[in-house]
Amino acid sequence: MGVDFRPPLDDIAFVLEHVAGLADIASFPGLEQADLATTVGLLSEAGRFVAEVIAPLNVIGDTVGSRRNADGTVTTPPGFAAAYRQYVEGGWGGISFPTSIGGGGFPWVVTIAVQELISAANMGFSLCPLLTQGAIDLLLHHADEVQRETYLPKLVTGEWSGTMNLTEPDAGSDVGALRTKAVPADDGTYRISGTKIYITYGEQDLSENIVHLVLARTPGAPAGTKGISVFIVPKFMVRADGTLGERNRLQCLKVEHKLGIHASPTCVMEFDDAVGYLIGGEGTGMRSMFTMMNNARLSVGLEGLAITERAYQQALAYAHDRRQGKAPGATGQDSSPIVDHPDVQLLLARMRAGAEGLRALLYFDASCVDRASHHPDPAERAKAADLLALLTPIAKGFSTDLGVELTSLGIQVHGGMGYVEETGAAQHWRDSRIAPIYEGTNGIQAIDLVTRKLGLGGGAVVAELLARVEADAGATPALAALRRSATWLGEALATGRLTDALAGATPFLRQFGLVLCDWLLQRMAAVPGAPASKALVAEVWRTRFLPEAIGLEVAVTSGAAAPAALFAR
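In short, a report on the structure. Bear in mind the structure is a predicted one, so any value in this text is a computation, not a measurement.

Calculation rules
- Residues numbered from 1 in each chain as written.
- Predicted model: local features only at pLDDT ≥ 70, side-chain atom pairs only at ≥ 80, totals over all residues.
- Heavy atoms only, no water.
- Helix = DSSP H or I, 4+ residues; strand = E, 2+ residues; numbered from the N terminus.
- Rg over C-alpha atoms; globule rule 2.2 N^0.38 Å.
- Buried < 20%, exposed > 50% of the residue type's maximum accessible area, 1.4 Å probe, protein only.
- Contact = heavy atoms within 4.5 Å.
- Areas by Shrake-Rupley, 256 points an atom, 1.4 Å probe, with all protein chains shown as cover.
- Lys, Arg positive; Asp, Glu negative; His and termini not counted.
- Charge placed at Lys NZ, Arg CZ, Asp CG, Glu CD.
- Core = buried A, V, L, I, M, F, W, Y, C linked by side-chain atoms within 4.5 Å.
- Phe/Tyr/Trp six-rings, centres within 6.5 Å; stacked < 30°, edge-to-face > 60°.
- Lys NZ or Arg CZ within 6 Å of the ring centre and 35° of its normal.
- 1 Å grid on protein atoms, 1.4 Å probe; cavity = no way out; pocket = protein on both sides within 12 Å on 5 of 7 lines; lining within 4 Å.
- Points joined across faces, edges and corners; volume = space filled by probe spheres on them.
- Nonpolar A, V, L, I, M, F, W, Y, C, P; charged D, E, K, R; others polar.
- Expected span 1.5 Å × (residues − 1).
- Bend = angle between axes of the 7 residues up to and from the residue.
- Polar contact = N/O pair within 3.5 Å; in protein donor to acceptor, adjacent residues only side chain to side chain.

1. Describing the overall build of the chain
- Secondary structure assignment for the chain yields 19 helices and 11 strands.
- Radius of gyration (C-alpha) of the chain: 24 Å, near the 25 Å computed for a compact globule of 569 residues.
- The dimensions of the chain, computed from C-alpha atoms along their principal axes, are 80 × 60 × 60 Å.
- Among the 569 residues that make up the chain, the fraction classed as buried is 57%.
- Residue pairs at least 24 apart in sequence account for 73% of intrachain contacts in the chain once pairs closer than 6 positions are excluded.
- Accessible surface computed for the chain: about 22,400 Å², of which carbon and sulfur atoms make up 55%.
- Both charge centroids of the chain, one from 46 positive and one from 61 negative side chains, sit 4 Å from each other.

2. Overview of the nonpolar core
- Membership of the largest hydrophobic core comes to 161 residues, with the highest contact counts inside it found for L213, Y363 and F512.
- Excluding residues that lie within four positions of it along the chain, Y363 makes contacts with I12, V15, L16, A20, V109, I112, A113, E116, L302 and L305.
- Membership of the second largest hydrophobic core comes to 17 residues, among which are A216, F231, C252 and M269.

3. Focus on the packing of aromatic side chains
- Scanning the entire structure with this criterion turns up 12 aromatic pairs.
- The interplanar angle of 80° and the centroid separation of 6.3 Å between the aromatic rings of Y87 and F125 together place this pair among those described as edge-to-face. On the criterion of sequence distance, the pair formed by Y87 in helix α5 (residues 80-89) and F125 in helix α7 (residues 123-142) is long-range, its members being 38 residues apart. The pair formed by Y87 and F125 is uniform in burial state, with each residue classed as buried.
- These aromatic residues form a ring-pair network of at least three members: F80, Y84, Y87 and F125.
- Over the ring of F545 we find R350; its NZ or CZ atom is 4.2 Å from the centre of that ring.
- The ring of F14 has K534 lying over it, and the distance from NZ or CZ to the ring centre is 5.1 Å.

4. Some remarks on the environment of Q324
- With respect to the secondary-structure elements, Q324 resides in the loop between α9 (285-321) and α10 (342-374).
- Owing to a relative accessible area of 43%, Q324 belongs among the partly exposed residues under this scheme.
- Setting aside residues no more than four positions away along its own chain, Q324 makes contact with S335, S336, I338 and H341.

5. A closer look at empty space enclosed by the protein
- A full pass over the atoms with the stated rule returns three cavities of 30 Å³ or more.
- The wall of the largest cavity is formed by Y87, W92, I95, T111, V114, Q115, I118, S119, S126, P129, L130 and Q133.
- Those elements that provide at least two residues to the lining of the largest cavity are α6 (108-121) and α7.
- Ranked by residues supplied to the lining of the largest cavity, first place goes to α6 with five residues.
- In terms of residue class, the lining of the largest cavity is made up of seven nonpolar, five polar and no charged.

6. Examining helix α15 (residues 477-494)
- For α15, which comprises 18 residues, the first-to-last C-alpha distance of 26 Å matches the rise-based estimate of 26 Å (1.5 Å per residue) to within 8%.
- Where α15 is concerned, the buried positions are A478, L479, A481, L482, S485, A486, W488, L489 and A492.
- Looking at the buried positions of α15, the neighbouring elements they touch are α13 (442-453), α14 (460-473), α16 (498-503), α17 (505-525) and α19 (547-556).
- Phi turns positive one or two residues past the end of α15, at G496, with a value near 80°.

7. Focus: helix α11 (residues 378-414)
- Taking 1.5 Å as the rise per residue, α11 with 37 residues should run 54 Å; its terminal C-alpha atoms sit 52 Å apart, in good agreement.
- Along α11, the helix axis deviates most sharply at L391, where the bend reaches about 35°; the proline P393 sits within four residues downstream.
- At the N-terminal end of α11, a side-chain oxygen is found 2.9 Å from the backbone nitrogen of A379, two or three residues along, and the residue is D377.
- Looking at the residues trailing α11, positive phi occurs at G415, about 65°.

As C-alpha cells, this is what we get:
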C-alpha cells in the first residue's frame, strides 16, 4: 500500500537558497547559525527521521485512527506515541524558537521546511506539533512572565502539547457568537464552562500535559469579538515546582468521525468549572488568538504543498510500474508503462509543477516572517510585515485549494486502483480536503485579502509586489489581468459595492496565486546553473496553469454572484 516517502531535500535547499534568501536571513542578528550548509545538514537528519519513523505510520493512522475510550481518554494509532517520544527527544518542535526558552534559534523558514517533511510523511501526526507551535507563539507574545516560565519550556520541548479552542456548536466562522463563560474566582483565576468542538488533539496519549488555549466571555463582556478573552486551561494543574498536579475539570466527550486525517483526534471538549488563567487583559482574546491563527494559516497552507508532494511521489511510482496499451512511438509487443502516455504525463506534470510552485510561494511567505522579526533595519521589518500580511491569505487559500485538486489527479493517475483504498492514493485526497476549511475557510481568506489586504499602504504593497513580478517574469497577459482585477475591486469597495467585491474575492485570490507562483518559478529557472528541471517546471506552469489567470478576470469583475431566485427553497 503506497510507496516510501522520499524527502525532496534538493528541491527544498534550492528554494531556501534562491527564493527564501537564506544567506541574507542568516546575516540577521541571532540567526547566524542558519547558513545553508548547517541548515541542509539539519534537514537531512529531519528527512531521515520522518522517512524512517513517521512516514511508515501514515497508513495505520488512516485505517485505525484515534479512538475515545469509555473513561474519556483517547488512544492514538499504534506507533504514534513511540514516534512522538522520538520527535521530542530529537528536539524538532523548538527549532525556530528563541534559545532563551530552550529553542534552537533557527529562522522560521527552517521550521517551515521541517514542517513540510513531517506533514508530507504523515499529515495526521503533524497536527499535534503544529498546534503546539501556535500555542508557543501566542504565549511568547502575549503571556505574562510567570505564565511563560510555567508553560513555555515544556511546550518547546514537546513534552507538553497545545491546542486552540475557538469553535462552538453555534459559533464557527462567526467567532463572536461564542458562549463559553469565564467567571472570576477569589484567587485571581477564572472558572471556564462551555463546549468547544473541532479541537485538534484535544485529548491524546502523546504528551504529558495538554495546554488548552480557550476563548471565553467574562461577565458583562460586550457582544461580538470585543468581549472575548483567552485563557490557559491546562489538562493537569501545574504546581509551583513545575510538576503536574490534579486533573482539571475538562474532558473529551467525543472524537469526530471524519473524511480524512483519521489519526488526528478531532475532539468535542467540555469545560465544567475548569480553572483558567487569563492571558493579557479581558477583551484582548482575539488579538492574542490571531497571533496563533496567522502562524497556523501559513502551516495549513503548507499542508497543501506537503500532501501534493506525497501524492505525486506515489502517482509517479505507479505510473512507471503500471502498463497499459501502446504509447505513441512505442515498438515491440509489450504494453507501455502509463508514464509514456501523454495524458498521464500531463497529470504528473501538473502535480510536480504544482508542488514546486507552492513550495516557492510558501517559503517566500515564511521568509517574510523572519524579515519582519529579525531584519536589523526597522523600515525593512515594516515592509516585510506588510508583505507577510498580504501573502498569508493567498498562501493559505491558494495552496490548500490546489492541494485538493492535485491529490485528486493522483487518484486519476492510478485509474480504478486509485479509487480502491488499498492503494493509499485516496487517503491523500481525503486528508487534503480539510485544509481549505480549517484555520479560516478559504472564502474567509479571500474576503480578508480583498477587504483588508488589497488596500495596505493605500494599495502600494500590492503595486510594489506586482512591479517585482513584472521585473522578473515579464509583462504577461496574466499579470495585466490581475492588475485590472485589483483596480476593479478597489473601485468597487471605494464606491460602496461591497457585495460585488465579495463576489469577486475567491477568483481574485486564485488569480493572484497563479501569477505569484509563475513569478517565483521563472525566477528559479533563471538561476545560473539551475537544474534543467526548473526551466521545464516553469514552462509547465506558464502553459498549463497561468492561462487560467487571464480568464479569471471575468469572474472577478462580474459583480454579484447570482440572482437570489436561484437559492429559493
